[in-house]
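Given next are the chains, with one letter for each unit.
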Amino acid sequence: MKQLYRGLFSIVLTALFLGGCAGQPSPPEVVERTPPNAEQLLREAEQQSPEQAAITRLEAAFTFDRQGQQSLAFDTAGDIDESLLSMEDRIRWALFYSAMAQSADQPEEVLRATELLEDEPGMSADQLQTLQERRRWALSSSRQLNAEQLGLTELGTIGHIGVFLPKSGALTNIASTIEDVIKAHHDLQNNAIRLSFFDSSDSSLGELYELARQQGVEFVIGPLSKENVTTLETQQSVPLPTLALNYGRSERNQAQKLIQFGLSAEDEARQVAQRAWTDGHRQIAIMVPDNDWGRRAGEAFWDTWSEAGGRVTNAVSYAPDDAVTRAVESALNVRGERAQLENIDALFLLALPEYARQVPPTLDFYYASDLPIYATSHLHEGLLQPRLNQDLDDVFFVDIPWQIPDAAVGGEEVLPSYESYRLLREEGEMSMFRLMAMGVDAYEIATGIEDFIESERISGATGQLTLTSDGRIYRELPWAKFQNGIPSPIMTPDFQADGES
C-alpha cells in the first residue's frame, strides 16, 4: 500500500541551503509534521479516485480507532466499498471491520466482512481461522429472534386462521394434501379456532389479503409458491401476520409479520456438512443430481463445509438416469477397479431411494466399502422395508421425527402430534408423509405463535424448529443409520466414538 505521507527531506534541505547563503551558520531547525488526522483523511478522500479514496478511508478508520473513537472507526469502515480495495487491503479491512462488528453485536455486518472467504484469497492460516470463527458466531447470532423486528409483538390469541392455497395449477396436489391435513389435525384439536380457505390460483395476493381481512382473519397460512413468497418478502410488511409455506429467493426476508416455513433441502445439506465436520472428516466428495434441487443443496453443503475449513475434493453432478458407476468413478478418482481415497475421507450423497441404494454396492466394488456416506432424508421412503434397504446399511442420514420415530424420540407414542401421526399413518399416502407433517406443524405454529416467539424453539413433526431473526424457520433434524435395512438411532454425537463407521 502506498504511503500517504512522506518525510520533509526536501524542505529541510532547502532550509539548510538558504541558511548557508546568508553566511551565518546556525543549527538546523528540526521540523516535525503531524500526520493528518482522520477528518483530514476523509476530506482528502473526497477529492480522490474511488480506488484511492477507499484506501484513504481505511486509513482514516484505523486512525479513529487509535484515537479511541471506535464508533467513528466502525462507521467509517462500514462506509468503504471494499470491492475497490486490493485483496491485501480487503483482508485488513475484513479483519478490522468484523472485529468491530462483533463487538457491536451486529452479526449482519460480520457476515458482510467475511464474504471474502468465498473468494479463497491468499491469507495466513491465522487470518483464515479468525474470520471463520467470526462468521460462525455471526451465523449463530443472526438466528436469534427479535420479535419486535418481526413486527409480531402484539399478536394476542389467534381465533381465525385463513389458509391461502391454489385449487388449480402445478401445486394443486401438494396444496390438496396440506389442506386435508390441516382440516384433519384441526378436527382432532377440538378447539374454537375458525379455519377459512382461500383459492390463491386466480387472485392476487392483495386481493386475497383484503378478502381475508374482510372476513375477520387474524393469521394467514400460505401462500405456497416460491414466487409468491418472494414477492411478500421484498415488501416492508405484509397486511396480516403470515406463515408462508415456502422460502423466498431473496437473500433475506425483509417483510415484517412474515414467517417462512418449508421442507428445505438446503437446511438438510448444511446439517450434513456440520455433522461430517464434527465427526472429524476434512476432505469430502460430493454427489448431487444435475438439476435445480441438486444445485441448491450442493451449494448449501459446499458453503457450510468450506466455512468450517473443509475441502471438497470432487463434486459430481450426476444425471439420475445414468449409470451410478459413472458418477462414483468420478467422485472417487477410480483407476482400474480401485477408488483412490488418499484425499477423500467421506462422501456426501443427495439422491432418491432407487439411485441411493446402488451407491454403497458400487463403493464396495471399487474397494471403498469403509468410506463413510452422509445423506439427506431423500434416500428414505419412510416405509419398513429391510430387505430392500439392506444396501443402505451403514449410511448416515437425517430425517424428520415422523419418518424415524425410534431413532428420533424412542418410539411413535412420544412423537409430536401423535394422534395426527397415527391417523395420517393409517390413512395417508406415504409418499406425501413429510408434507403431511409440515401441514401439522404449520397449524401448530399458527395456533401457538405467541409461545413460539417467546420460546424461539419448538419440537415439531418435521424437526426441532427455530424461529430466526429474519422470520425464517430453521429445522434441525435427528440422525439415523441404516442397520439391517432399518433406520437405527445413533446414540453419541460422534460416530467415530462408537467404532461403527
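Residue numbers here run from 1 along each chain, matching the order of that chain's written sequence. Reporting of local features is limited, given that this is a predicted model, to residues whose pLDDT is at least 70; pairs of side-chain atoms are given and counted only at 80 or more, and all residues count toward the totals for whole chains, interfaces and linings. Excluded from the side-chain calculations are hydrogens and water; all other atoms, namely the structure's heavy atoms, are used.

**What to know about the overall build of the protein**
Step number 1: Helix and strand definitions here come from DSSP, where helices need a minimum of 4 consecutive H or I residues and strands a minimum of 2 consecutive E residues; each element is numbered from the N-terminal end. If you tally the helices and strands in the protein, you get 22 helices and 15 strands.
Step number 2: Residue exposure (1.4 Å probe, protein chains only): buried if accessible area is under 20% of the type maximum, exposed if over 50%, otherwise partly exposed. For the protein, the residues scored as buried account for 48% of the 501 residues in total.
Step number 3: Residues are treated as being in contact if the distance between any of their heavy atoms lies within 4.5 Å. In the protein, the share of contacts with a sequence separation of at least 24, taken over all contacts with a separation of at least 6, comes to 65%.
Step number 4: Only carbon and sulfur atoms are counted for the fraction: they give 46% of the accessible area of the protein, which is about 24,400 Å². For every accessible area listed, the method is Shrake-Rupley and the probe measures 1.4 Å; residues are considered covered only by the protein chains on display.

**Examining helix 3 (residues 50–66)**
Owing to its 3.6 residues per turn, the α-helix brings residues three or four apart onto one side.
Step number 1: Under the 1.5 Å per step criterion, the end-to-end length of helix 3 is 24 Å for 17 residues, consistent within 8% with the ideal 24 Å.
Step number 2: Buried within helix 3 are the following residues: A53, A54, I55, T56, L58, E59, A60, A61, F62, T63 and F64.
Step number 3: As for helix 3, its buried residues are in contact with helix 2 (38–45), helix 4 (70–78) and helix 5 (87–103). What a helix is expected to span follows from its residue count: subtract one and scale by 1.5 Å.

**Focus: the sheet that holds strand 11 (residues 457–460)**
Within a sheet, each strand pairs with its neighbour through backbone hydrogen bonds, oriented either parallel or antiparallel.
Step number 1: Sheet architecture is open: 3 strands sit in the order 11-12-13, paired in antiparallel fashion. Only two strands of the sheet have a single partner each, and these edge strands are strand 11 and strand 13 (473–476). Across the sheet, the mean angle from the axis of one strand to that of its neighbour is 25°, orientation sign disregarded. DSSP-based pairing: two strands are paired if at least 2 bridges between them are found. Between N-to-C directions, angles span 0 to 180 degrees; the directions come from axes that are lines fitted to C-alpha atoms, helices contributing only their stretch in contact.

**Digging into the sheet that holds strand 1 (residues 160–165)**
Step number 1: With parallel pairing, the 5 strands of this open sheet are ordered in space as 2-1-3-4-5. Every interior strand has two partners, whereas the edge strands, strand 2 (194–199) and strand 5 (256–260), have only one. The mean angle between the axes of side-by-side strands here comes to 30°, regardless of whether they run parallel or antiparallel.
Step number 2: Here strand 1 pairs with strand 2 via 6 bridges, running parallel. By the bridge assignment, V163 is partnered in strand 2 with F197.
Step number 3: On top of the sheet, helix 9 (residues 172–189) reaches strand 1, strand 2 and strand 3 (219–221); it is set at about 170° to strand 2, its chief contact.
Step number 4: Here helix 10 (residues 205–214) sits on the sheet in contact with strand 1, strand 2, strand 3 and strand 4 (237–244), set at roughly 90° to strand 4.

**Here's the deal with the packing of helix 9 against helix 19 (residues 418–427)**
Step number 1: For the pair helix 9 and helix 19, interaxial distance at closest approach is 10 Å and the crossing angle is 130°. Taken together, the axes of helix 9 and helix 19 are oblique relative to one another. Between helix 9 and helix 19 the crossing geometry is right-handed. Contact with helix 9, carried on its side by V181, A184, H185, L188 and Q189, involves E419, S420, L423 and L424 of helix 19 and no other residues of that element.
Step number 2: Put simply, Ala, Val, Leu, Ile, Met, Phe, Trp, Tyr, Cys and Pro go in the nonpolar bin, Asp, Glu, Lys and Arg in the charged bin, and everything else, Gly too, in the polar bin. Partitioning the contact of helix 9 with helix 19 into residue classes produces 5 nonpolar, 3 polar and 1 charged. Here is the rule for angles: anything less than 35 degrees is roughly parallel, anything more than 145 is roughly antiparallel, 65 through 115 is roughly perpendicular, and the remaining ranges are oblique. What makes a crossing left-handed is the near helix being turned counterclockwise from the far one by less than a right angle; a clockwise turn instead makes it right-handed.

**A closer look at the nonpolar core**
Step number 1: Each nonpolar core is a collection of buried residues, namely Ala, Val, Leu, Ile, Met, Phe, Trp, Tyr and Cys, held together in the definition by side-chain atoms within 4.5 Å. Judged by nonpolar contacts, the single largest core of 67 residues is most densely connected at F261, F301, F348, W402, I449 and I473.
Step number 2: Those residues in contact with I449 that sit more than four places away from it in its chain are L155, I158, F219 and I259.
Step number 3: Within the second largest apolar cluster, 32 residues are counted, among which are A285, Y318, V334 and F482.

**Quick word on the packing of helix 3 against helix 4**
Step number 1: Two elements in contact, helix 3 and helix 4, have axes separated by 7 Å at closest approach and are oriented at 165°. As the angle between them shows, helix 3 and helix 4 are arranged roughly antiparallel. Crossing of helix 3 against helix 4: the hand is left-handed. Mapping the contact onto sequence places R57, A60, A61, F64 and D65 in helix 3 and Q70, L72, A73, T76 and A77 in helix 4.
Step number 2: Taken together, the residues that form the contact of helix 3 with helix 4 break down as 6 nonpolar, 2 polar and 2 charged.

**Some points on the packing of aromatic side chains**
Step number 1: In this analysis, rings of Phe, Tyr and Trp, with Trp reduced to its six-membered ring, are considered paired at centre separations within 6.5 Å, and the interplanar angle assigns stacked below 30 degrees, edge-to-face beyond 60, and tilted for intermediate values. Scanning the entire structure with this criterion turns up 17 aromatic pairs.
Step number 2: Centre to centre, the rings of F164 and F198 are 5.6 Å apart; their planes meet at 85°, and the pair counts as edge-to-face. Remark: F198 occurs in strand 2 and F164 occurs in strand 1; sequence separation between them is 34 residues.
Step number 3: Taken together through their ring pairs, the aromatic side chains of W277, F301, W305 and F348 make up a single cluster.
Step number 4: Whether a charge lies above a ring is judged from NZ of Lys or CZ of Arg, which has to be within 6 Å of the ring centre and within 35 degrees of the ring normal. Between R282 and the ring centre of W277, over which it is positioned, the NZ or CZ distance is 3.4 Å.
Step number 5: A cation over a ring is seen here: R425 above F433, with NZ or CZ 4.9 Å from the ring centre.

**Things to note about the pairing of strand 13**
Step number 1: The pairing of strand 12 (residues 463–467) with strand 13 spans 4 bridges and is classified as antiparallel. If you follow L467 over to strand 13, its bridge partner there is I473.
Step number 2: Remark: 5 residues form the turn of the hairpin made by strand 12 and strand 13, two consecutive strands paired antiparallel; G471 in that turn has positive phi of roughly 85°.

**Concerning the confidence of the model for the protein**
Step number 1: The pLDDT value expresses, per residue, how confident the predictor is, ranging between 0 and 100. Taken as a whole, the protein shows an average pLDDT of 86; of its residues, 87% reach a score of 70 or greater.
Step number 2: Note on residues 1–28: pLDDT is under 50 here. Beyond four places in sequence and across chains, it has 15 contacts.
Step number 3: Across residues 492–501 the pLDDT falls below 50, and counting only partners more than four positions away or on other chains, this stretch makes 22 contacts in the model.

**Remarks on unusual backbone geometry**
Step number 1: Of note, the bond from G222 into P223 is cis; its omega dihedral lies within 30 degrees of zero at 5°.
Step number 2: The backbone of D105 shows a phi angle near 55°, a positive value even though the residue is not glycine.
Step number 3: Within the secondary structure, D105 sits in the loop between helix 5 and helix 6 (107–113).
Step number 4: One non-glycine residue, D394, lies in positive phi territory at about 75°.
Step number 5: Within the secondary structure, D394 sits in the loop between helix 17 (386–389) and strand 10 (396–398).
Step number 6: A relative accessible area of 45% means that D394 is categorised as partly exposed.

**A closer look at the pattern of salt bridges**
Step number 1: We count a salt bridge whenever a side-chain nitrogen from Lys or Arg sits within 4 Å of a carboxyl oxygen from Asp or Glu. Using the criterion set out here, one finds 24 salt bridges in the structure.
Step number 2: With a closest N to O distance of 3.5 Å, E46 and R57 form a salt bridge. Here E46 is found in the loop between helix 2 and helix 3, whereas its partner R57 is found in helix 3, with 11 residues between them in sequence.
Step number 3: Accessibility expressed as a relative area gives 57% for E46, which makes it exposed.
Step number 4: In this structure, R92 engages E59 in a salt bridge whose closest nitrogen and oxygen atoms are separated by 3.4 Å.

**Here's the deal with the pairing of strand 7 (residues 311–318)**
Step number 1: Relative to strand 7, strand 6 (residues 283–289) runs parallel, the two sharing 7 bridges. Its bridge partner lying in strand 7, I286 is registered against A315.

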